[in-house]
Amino acid sequence: MRPVLIAGGGIGGLTAALALHRAGIQVRVFEGVRTIRPLGVGINLLPHSVKVLADLGMLSALAATAIETEALVYFNKLGQRIWSEPRGIAAGYDVPQFSVHRGELQFLLLQAVEARLGAGSVETGHHLAGFDSEPGGVTAVFTDRPNGAEIARVAGSLLVGADGIHSVVRRSFYPDEGPAVFSGRTLWRAVTESQPFLGGRTMVMVGHESQKFVSYPISAAEHRRGRSLTNWIAELRVGGEAPSRHDWNKEVPASVFRDSFAGWRFDWLDVPGLIDGARAIYEFPMVDRDPLPQWTFGLVTMLGDAAHPMYPIGSNGASQAILDAAALTRRIAERGVTAAALEAYEEDRRGLTGAIVLANRQNGPERVMQIAEERAPNGFAHIHEVISQAELEEIAARYKRTAGFSREQVNRG
Ligand SMILES: Cc1cc2nc3c(=O)[nH]c(=O)nc-3n(C[C@H](O)[C@H](O)[C@H](O)COP(=O)(O)OP(=O)(O)OC[C@H]3O[C@@H](n4cnc5c(N)ncnc54)[C@H](O)[C@@H]3O)c2cc1C
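Computed from a predicted structure; not experimentally measured. (Residues numbered from 1 in each chain as written. Predicted model: local features only at pLDDT ≥ 70, side-chain atom pairs only at ≥ 80, totals over all residues.)

### Some words on the overall build of the protein
Here is step 1 of the chain: Secondary structure assignment for the protein yields 12 helices and 18 strands.
Here is step 2 of the chain: A compact globule built from 413 residues should have a C-alpha radius of gyration of about 22 Å, and the protein, at 21 Å, falls within 12% of that.
Here is step 3 of the chain: Overall size of the protein, expressed as C-alpha extent along the three principal axes, is 65 × 45 × 45 Å.
Here is step 4 of the chain: Look at the contacts in the protein between residues 6 or more apart in sequence, and 72% of them connect residues 24 or more apart. (Helix = DSSP H or I, 4+ residues; strand = E, 2+ residues; numbered from the N terminus. Rg over C-alpha atoms; globule rule 2.2 N^0.38 Å. Contact = placed C-beta atoms within 7 Å.)

### Structural notes on the nonpolar core
Here is step 1 of the chain: Among the nonpolar cores identified, the biggest contains 116 residues, and Leu-5, Ile-6, Ala-16, Leu-159, Val-160 and Leu-303 are the most heavily contacted of them.
Here is step 2 of the chain: Sort the elements by how many residues they give to this core and helix H8 (residues 317-335) lands first, with nine residues. (Core = buried A, V, L, I, M, F, W, Y, C linked by C-beta atoms within 7 Å. Buried ≥ 20, exposed ≤ 12 C-beta atoms within 10 Å, placed from the backbone.)

### Describing the environment of Asp-290
Here is step 1 of the chain: One can find Asp-290 in the loop between strand S17 (282-288) and strand S18 (300-302).
Here is step 2 of the chain: Taking the C-alpha atoms as reference, Asp-290 lies 8.4 Å from Pro-309; in sequence the two are 19 residues apart.

### Here's the deal with the sheet that holds strand S3 (residues 42-45)
Here is step 1 of the chain: Strand order in this open sheet of three strands is S3-S7-S4, and the pairing throughout is antiparallel. For this open sheet the edge positions go to S3 and strand S4 (67-69), each flanked by a neighbour on one side alone. Strand-to-strand twist of the sheet, defined as the mean angle between neighbouring strand axes without regard to direction, takes the value 30°.
Here is step 2 of the chain: Pairing of S3 with strand S7 (residues 97-101) involves four bridges; the strand directions are antiparallel. (Pairing = 2+ DSSP bridges. Axes fitted to C-alpha atoms, helices over the stretch in contact; angles between N-to-C directions.)

### Let's talk about unusual backbone geometry
Here is step 1 of the chain: Positive phi outside glycine occurs at Leu-198, with the angle close to 45°.
Here is step 2 of the chain: Positionally, Leu-198 belongs in the loop between strand S13 (181-194) and strand S14 (202-208).
Here is step 3 of the chain: Owing to 17 C-beta atoms within 10 Å, Leu-198 belongs among the partly exposed residues under this scheme.
Here is step 4 of the chain: Although it is not a glycine, Ser-315 adopts a positive phi angle of roughly 60°.
Here is step 5 of the chain: By secondary structure assignment, the location of Ser-315 is in the loop between S18 and H8.
Here is step 6 of the chain: Residue Ser-315 is classed as buried on the basis of its 25 C-beta neighbours within 10 Å.

### Topic: the packing of H8 against helix H9 (residues 339-361)
Here is step 1 of the chain: Their axes nearest at 8 Å, the elements H8 and H9 cross at an angle of 155°. Classified by the angle their axes make, H8 and H9 are roughly antiparallel. Crossing of H8 against H9: the hand is right-handed. Each of Gln-320, Asp-324, Ala-327, Leu-328, Arg-331, Ile-332, Glu-334 and Arg-335 in H8 lies in contact with H9, whose residues at this interface are Ala-340, Ala-341, Ala-344, Tyr-345, Asp-348, Arg-349, Thr-353 and Ile-356.
Here is step 2 of the chain: For the contact of H8 with H9, a count of residues per class yields eight nonpolar, two polar and six charged. (Parallel < 35°, antiparallel > 145°, perpendicular 65-115°, else oblique. Left-handed = near helix turned anticlockwise from the far one by under 90°. Nonpolar A, V, L, I, M, F, W, Y, C, P; charged D, E, K, R; others polar.)

### Some points on the sheet that holds strand S11 (residues 149-156)
Here is step 1 of the chain: Pairing is antiparallel in the open sheet, where three strands are placed in the order S9-S10-S11. The open sheet terminates on both sides in strands that have one partner only, identified here as strand S9 (127-134) and S11. Strand-to-strand twist across the sheet, computed as the mean angle between neighbouring axes with direction ignored, equals 20°.
Here is step 2 of the chain: With seven bridges joining them, strand S10 (residues 137-144) and S11 adopt antiparallel strand pairing. Paired with Val-138 across the two strands is Gly-156, which belongs to S11.

The following block contains the structure:
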């Protein structure tokens, strides 16, 4: 039997490799970059995705590295509390929510893949350039990205495009789709060593849809030393055209955006201090893509950002890629390495993830921040003058149901 080919050794591709391998399916991963480096800043793993990783034996490694997030708090731009809720175990889930450095998570997954599937199971420097479908299989064509030279043609039973927001697999089926859709907002992302804030396991969001600051700790090691490796994202509406370059690693100076946050010093978080303390700041336009009408074409499908890139709202980007990997594996285990399995996977996942993409365009659970800004731009004496408790609860609960991580959904598995 030919192996399943996975293009992309990011969060989704590596999780799929682990899950397929455990199901007894032969799999090979091809990653475009020559050397995988621990890139990115923080991401969150919601409990439903942690459950998948726990099933794959990754829980203790994650717990040793990541922060078990205990609470999420929304504030207005004046630092007044709008809403807070417990998260993970503190909220009664049977698994934690983790905040983790994306690069460390990718390395944990990569180490597990190499340990279980064998050295060389992830072939780096293999950029998927195209593929040919033939009866009963797919041949993937790989190039060396820096010089474009073809380096391999590999025959597989299936091809899974886990190749991220600039997916070649997606473009091959939707050649006229064009660039990702720009929200008019720009994100500046970084990590800073700082004092712990709000108990050391809290994620905060401050502001509204045109100016926001998100911050949360991501390092268990720093936490044990009484310190915090604090991930943060400053976000501003900038309008205009989408930048031509969408590169996760584009470094810029703080002067590009710092002045807008100069007055955001709260007694629980010093935003200018965090910005000034960053080692490096990365700029990324907030983009997504419209939900697709079809992911699976014969023996080729997509997962993660290739299939459904979404705004980083509600902490779902990595989580949904991991859930895709689990669903794909379940269907292949049931129906074999077949087009029918890929169609069943798509049926499970396409509608759900499309709904999250659209919910995130409406600010997802962060809608409470926008409502507070619109109804009380100068602040409030008590939040219930502005939004009722019932409305606050409904917005939080509806998003959890849409994204599949209400406590009931997760705990019953
Ligand atoms: C370098 C980098 C840094 C990131 N930093 C952050 C961050 O700080 N915060 C955040 O929220 N999200 C970040 N993301 C995105 C985040 O990882 C994803 O939104 C989410 O985890 C979904 O995972 P994914 O596997 O679908 O995509 P990704 O994690 O983006 O993985 C896609 C992988 O495919 C590889 N690839 C791309 N094209 C090809 C090709 N043609 N052939 C073979 N391989 C290919 C990429 O190099 C990458 O390793 C980052 C992504 C990357 C690639």
